[in-house]
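The lines below spell out each chain.
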Amino acid sequence: MAKSAGSQKPAKPNRAEKKVLRSAKRAQRRESFSNVRQAFTLTRQNDPKFLPYLLLFGLLTVAIVYLLAFWVSGSVWVPIPLALIAGAFVAMLVFSRRAQSSMFAQAEGQAGAAGWMLQQQLRGDWRLTQAVAGTTQLDAVHRLVGRPGVVLVGEGAPHRVRGLLAQEKKRTARVVGDTPIYDITIGTGESDVRLSKLNKYLLKLPANLSKEQVGTLEKRLSALGGARAPLPQGPMPQGAKMRNVQRTVRRRS
């Protein structure tokens, strides 16, 4: 009985295709290693406690795991690989946490930082529309739609962002009706949410809508239009000339 076309096994890659795949994998590994090395260098430069903490927790873990394994096994050599693996794992955890903290510390207060964070670091099922409102001074309001409802995230000068949030909240309320609308400002003030705490704040919001309602709400909000205020692609580097950036924004808008 002849086999159907759909049951045929896919053809094996030839030598040239295998060579291309190997080259792509090598390039991906080099890029990953380069990213890790860059993150390590930047964290070491900006966080004076990074290396001491890395060595302290790494070596402490090695010592504790070695002593426990030696006490259980009675062998001098067997605990060594286990202790080294545990120490490397803890050191990687410390590296990840300190690198993330250093990244947020550098980005905080810079124009475009909240938009970058929402696009690159956001956790959970959210539908993001960046810069639904903004000014040429690089203040902006970003809109999130999710199970809690609508969240408006403002970044920039507080006295300007408050007005932007109020206007956008009124505009959104006309479309969403009784759906909860949360408005927050990213900053360091008493009523602000720190950039590094934004994910935690969003995760604590109650689930007021079902997934089907979220999809319907997103379609209704699409009537308001998408991004209207161009912003820098990521946090604006320190030392950048604000006047030149504002001129670029005015040309794009």
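To be clear, the structure that these remarks concern was listed above.
On a predicted model such as this, the values are computed, not experimentally measured, just so you know. (Residues numbered from 1 in each chain as written. Predicted model: local features only at pLDDT ≥ 70, side-chain atom pairs only at ≥ 80, totals over all residues. Heavy atoms only, no water.)

> Before we move on, can you summarise unusual backbone geometry with the specific residues and values?
Most peptide bonds take the trans form, and the phi angle of most residues other than glycine is negative. Of note in the backbone geometry, alanine 131 takes a positive phi value of approximately 50 degrees without being a glycine. In this structure, alanine 131 sits in strand β1 (residues 127-134). Taking relative accessible area as the criterion, alanine 131 reaches 3% and is therefore assigned buried. Residue leucine 138 is not a glycine yet carries a positive backbone phi of 75 degrees. Examined against the element boundaries, leucine 138 turns out to sit in the loop between β1 and β2 (140-146). (Helix = DSSP H or I, 4+ residues; strand = E, 2+ residues; numbered from the N terminus. Buried < 20%, exposed > 50% of the residue type's maximum accessible area, 1.4 Å probe, protein only.)

> Any chance you could break down the environment of glutamine 213 for me, citing the residues and the numbers?
Residue placement: glutamine 213 occurs in helix α7 (residues 211-221). For glutamine 213, a relative accessible area of 42% gives the class partly exposed.

> Account for helix α2 (residues 50-73), naming residues and giving values.
For α2, which comprises 24 residues, the first-to-last C-alpha distance of 34 Å matches the rise-based estimate of 34 Å (1.5 Å per residue) to within 8%. Looking only at α2, the buried set comprises Phe50, Leu54, Gly58, Thr61, Val65 and Ala69. On its buried face, α2 is in contact with α1 (15-46) and α3 (79-107). Immediately beyond the C-terminal end of α2, within one or two residues, lies glycine 74, with a positive phi of roughly 80 degrees. (Expected span 1.5 Å × (residues − 1). Contact = heavy atoms within 4.5 Å.)

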